[in-house]
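Structural overview
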Amino acid sequence: MTKSDDDLQALLIGAVPNLRAFANSLCGDPTRADDLVQDTLVKAWSNLDGFEKGSNLKAWLFTILRNTYFSDLRKRRREVEDADGALAERMSVLPEQHVHMDLVDFKKAFGVLSDDQKEVLLLVGAEGFSYEEAAEITNAAVGTVKSRVNRARVALNKALGLEAGESINPNSEFAGVMRVAGRG
Amino acid sequence: MGTGSDPKRGDSATMQAPLPVELQGQIGQRLREAYIELINEPVPDRFVALLQQLKQREEESKEDSRDEK
């Protein structure tokens, strides 16, 4: 694959919706998420030689994005140590996300997960990467990925207050979510 | 190295009992629902423009190097 290849441009553009969804879910800030996606595209473009032909382009892009995210995070943390409170100030002016009311609880619950848990749950549960692919993307052992996904589910379950068998009750709150899912 | 980033810490060493399959399904469904909503957002023009710009710059730099020879 070469840079003059129009297909490549189409492939990169085609990956943008997923990259944005992943970045948004990871950092929770739409503006920052788009900056992350932009950085990812620029890095991918300038490191195209590092992409193995025939391997998974999407997985490669996700790897670049999460590496960028975590190295930015480390940088930010250092800055925060220098200027204490600056991040908290920024957090308080984040734009309100317009989300479907039924999803608010879930998004709030998702926010309690650690970044490590978020990324593997998104990769495996939302993007459909295999445990092996997720392990490669996050540079972790397969067993670690499985364990993180499991922990993430347990933590989400606790935050949402779900119980096994609850969905059998038609009057439970969850039945409403099921109906919403059916609409989409 | 940094604090709190030990990949082994409390992760694979102690395996927590997995959730019942039913609950896994419920959580998975909610996750995908929220995620699909994000995927369906229209892509801002800036990304198409960015890729065109990168490609253009590439072609220009190729021409420049040819001129120098």
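Bear in mind that the values here come from a model prediction, so they are computed numbers and not experimental data.

**So, the overall build of chain A**
Counting its regular elements, chain A contains nine helices and zero strands. Each helix and strand of chain A, placed in order from N terminus to C terminus, yields the pattern α-α-α-α-α-α-α-α-α. The buried share among the 184 residues of chain A stands at 31%. Considering only intrachain contacts with a sequence separation of at least 6, the fraction spanning at least 24 residues in chain A is 59%.

**Side note on the environment of B:Leu31**
Inspection of the secondary structure assignment puts B:Leu31 in helix H1 (residues 21-39). Residue class for B:Leu31 comes out buried when judged on the 21 C-beta atoms lying within 10 Å of it. The residues contacting B:Leu31, other than those within four sequence positions of it, are A:Leu121, A:Gly125 and A:Ala126.

**Quick notes on H1(B)**
Residues and elements named next belong to chain B. Across its 19 residues, H1 extends 26 Å between first and last C-alpha, which sits within 8% of the 27 Å expected from 1.5 Å per residue. Turning to H1, its buried residues number three or more, namely Leu-23, Gln-26, Ile-27, Arg-30, Leu-31, Ala-34, Tyr-35 and Leu-38. On an axial view of H1, the arc spanned by its buried residues comes to 155 degrees, and they lie on one face. Across H1 from its buried face, at more than 90 degrees, point the exposed residues Val-21 and Gly-25.

**Side note on helix H8 (residues 142-160) of chain A**
Compared with an ideal rise of 1.5 Å per residue, which puts 19 residues at 27 Å, H8(A) spans 27 Å between its outermost C-alpha atoms and is within 8% of the ideal. Among the residues of H8(A), those classed as buried are A:Thr144, A:Val145, A:Ser147, A:Arg148, A:Val149, A:Arg151, A:Ala152, A:Arg153, A:Leu156 and A:Leu160.

**Looking at the interface of chain B and chain A**
Listed per partner, the contact involves 35 residues of chain B and 44 residues of chain A. Elements supplying a minimum of two residues to the side of chain B that touches chain A: H1 and helix H2 (45-68) of chain B. Sorting elements by how many residues they give to the side of chain B that touches chain A places H1(B) first, with 16 residues. Of the residues assigned to the side of chain B that touches chain A, the class counts are 19 nonpolar, seven polar and nine charged.

**Details of the packing of helix H6 (residues 115-126) of chain A against helix H7 (residues 131-138) of chain A**
All names here are of chain A. As a packed pair, H6 and H7 sit with axes 9 Å apart at the nearest point and diverge in direction by 140 degrees. For the element pair H6 / H7, the angle class is oblique. With respect to the hand of their crossing, H6 and H7 are arranged in right-handed fashion. On the side of H6, the interface is formed by Glu-119, Val-120, Leu-123 and Val-124, while H7 contributes Tyr-131, Ala-134, Ile-137 and Thr-138. Split into classes, the residues belonging to the contact of H6 with H7 amount to six nonpolar, one polar and one charged.

**Side note on the domain arrangement of chain A**
The extent of an interface is frequently quoted as the accessible surface area lost upon association of the parts. Residue and element names in this part refer to chain A. According to the domain assignment, chain A consists of domain 1 (1-98) and domain 2 (99-184). Secondary structure elements with two or more residues in the side of domain 1 that touches domain 2: helix H1 (6-27) and helix H3 (57-82). Considered class by class, the residues forming the side of domain 1 that touches domain 2 number four nonpolar, six polar and one charged.

**A short note on the packing of H8(A) against H1(B)**
Contact geometry for H8(A) and H1(B): axes closest at 10 Å, N-to-C directions at 80 degrees. Taken together, the axis directions place H8(A) and H1(B) in an arrangement best described as roughly perpendicular. Contacts between H8(A) and H1(B) involve A:Arg153, A:Leu156 and A:Asn157 from the first element and B:Leu23, B:Gln24 and B:Ile27 from the second. Taken together, the residues that form the contact of H8(A) with H1(B) break down as three nonpolar, two polar and one charged.

**A short note on the environment of A:Gly128**
All names here are of chain A. Residue placement: Gly-128 occurs in the loop between H6 and H7. In this structure Gly-128 comes out as exposed when scored by C-beta crowding, with 9 C-beta atoms within 10 Å. Once the C-alpha coordinates of Gly-128 and Arg-78 are considered, the two residues, 50 residues apart in sequence, prove to be 34 Å apart.

**Remarks on unusual backbone geometry**
When glycine is set aside, most residues are seen to have a negative phi, and most peptide bonds are trans. The phi angle at A:Asn139 is positive, at roughly 55 degrees, despite the residue not being glycine. Take A:Asn139: it is sitting in the loop between H7 and H8.

Definitions and limits used
Residues numbered from 1 in each chain as written. Chains lettered and ligands numbered in written order. Predicted model: local features only at pLDDT ≥ 70, side-chain atom pairs only at ≥ 80, totals over all residues. Helix = DSSP H or I, 4+ residues; strand = E, 2+ residues; numbered from the N terminus. Buried ≥ 20, exposed ≤ 12 C-beta atoms within 10 Å, placed from the backbone. Contact = placed C-beta atoms within 7 Å. Expected span 1.5 Å × (residues − 1). Arc of directions from axis to C-beta. Nonpolar A, V, L, I, M, F, W, Y, C, P; charged D, E, K, R; others polar. Axes fitted to C-alpha atoms, helices over the stretch in contact; angles between N-to-C directions. Parallel < 35°, antiparallel > 145°, perpendicular 65-115°, else oblique. Left-handed = near helix turned anticlockwise from the far one by under 90°. Domains from an automatic or database assignment.

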